[in-house]
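# Summary of structural features
What follows is each chain in one-letter form.
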Amino acid sequence: MRVQEAPFDFGAEAGRFAAAQDSAGAVVTFTGIVRDLPGGGLRAMEIEHYPGMTERAIAAIEAEAVSRWNLLDSLVIHRFGALPPGDVIMMVATAAPHRADAFAAAEFLMDYLKSRAPFWKKEITAEGAEWVAAREEDEDALRRW
Amino acid sequence: MIEVLYFAWVRERIGIPRETVETGAKTVAGLVDELRAREERYAAAFADTSALRVALDQELADFDASLKGVREVAFFPPMTGG
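Values in this document were obtained by computation on a predicted structure and should not be read as measured data.

The subject of this paragraph is the interface of chain B and chain A. Between chain B and chain A, the residue contacts involve 20 residues of the former and 25 residues of the latter. Interface area, chain B with chain A, both sides summed: about 1800 Å², of which 56% is carbon and sulfur. Taken together, chain B and chain A are joined by three salt bridges. Glu59(B) serves as the salt-bridge partner of Arg56(A), at 3.0 Å between the closest nitrogen and oxygen. Scanning the region where chain B abuts chain A turns up 14 residue pairs in polar contact (both at pLDDT 80 or more). Breaking the side of chain B that touches chain A down by element, the ones donating at least two residues are helix H1 (8-14), strand S4 (59-61) and strand S5 (72-76) of chain B. Sort the elements by how many residues they give to the side of chain B that touches chain A and H1(B) lands first, with four residues.

Residues and elements named next belong to chain A. Relative to strand S8 (residues 128-131), strand S7 (residues 119-125) is paired through four bridges, and the arrangement is antiparallel. Residue pairing in the sheet places Thr125 in a bridge with Gly128 of S8. The antiparallel hairpin formed by S7 and S8 contains two residues in its connecting segment.

This brings us to the environment of Ala74(B). Mapped onto the secondary structure, Ala74(B) falls in strand S5. Separated by 68 residues in sequence, Ala74(B) and Tyr6(B) place their C-alpha atoms 5.7 Å apart. Aside from chain neighbours lying at most four places away, what touches Ala74(B) is Tyr50(A), Leu5(B), Phe7(B), Arg53(B), Val54(B) and Ala55(B).

Turning our eyes to something else, we now look at the sheet that holds strand S4 (residues 73-79) of chain A. Residue and element names in this part refer to chain A. A sheet is described by the order of its strands in space; here four strands give the open sequence S1-S4-S6-S2, paired in mixed fashion. Strands with a single pairing partner mark the edges of an open sheet, and in this sheet they are strand S1 (2-4) and strand S2 (26-33). Along the sheet, successive strands turn relative to each other by an average axial angle of 10 degrees, direction set aside. The pairing of S4 with strand S6 (residues 88-96) spans six bridges and is classified as antiparallel. Residue Asp73 lies in a different strand from S6, and its bridge partner there is Ala95. Lying on the sheet, helix H1 (residues 10-19) is in contact with S1, S2, S4 and S6; it crosses S6 at an angle near 15 degrees. Seen against the sheet, helix H3 (residues 99-116) touches S2, S4 and S6 and runs at an angle of roughly 145 degrees to S6.

Conventions used here
- Residues numbered from 1 in each chain as written.
- Chains lettered and ligands numbered in written order.
- Predicted model: local features only at pLDDT ≥ 70, side-chain atom pairs only at ≥ 80, totals over all residues.
- Heavy atoms only, no water.
- Contact = heavy atoms within 4.5 Å.
- Buried area = accessible area lost by both parts, 1.4 Å probe.
- Salt bridge = Lys/Arg side-chain N within 4 Å of Asp/Glu carboxyl O.
- Polar contact = N/O pair within 3.5 Å; in protein donor to acceptor, adjacent residues only side chain to side chain.
- Helix = DSSP H or I, 4+ residues; strand = E, 2+ residues; numbered from the N terminus.
- Pairing = 2+ DSSP bridges.
- Axes fitted to C-alpha atoms, helices over the stretch in contact; angles between N-to-C directions.

Below, the structure is given as structure tokens:
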């Protein structure tokens, strides 16, 4: 797992992750990108986090995924700092013998990272800055697991 | 002595990212009551604790949780990662 301010190349990361697997039959990756506001106008998405707890929370979420699915490996990279629209925010990758486990675990990781890893997003526009509110649906998404 | 950390709009409303607090509070809720009584900016940040989350030594916890042996308390809004 990596929590970093610097950009990363998700294609290269996915390639390295897949190449490191020797008994996987499936690798699933998800990449999150900074989305502009409808009609444009987003200058940056500023991401704050809680150093220390962030790493612990992600490690716990990954351990939970490994205990629930037949998973061989997982990878989480999450950025912080001021990110312009179009920038890659984060990625998850999972490797499993079969695709069902890899897909389910990747979705589980995403759902939990959204609401249980200590990151906070703030939208910066010409008009000012606004914290992104957590959505009810994101909390609901945890209940299906 | 306990380290108290604030994140996101809680940090902005209180005006500092962290502080060391001398407290006799037994629970998180007791600590919140002490902080609220300090100054208006604290009262504003802690006006509605249902809009807040708390972590004790970097693990999510409840507001009625005990502070016994706890070194670090963090207050923040619901998380928006991913």
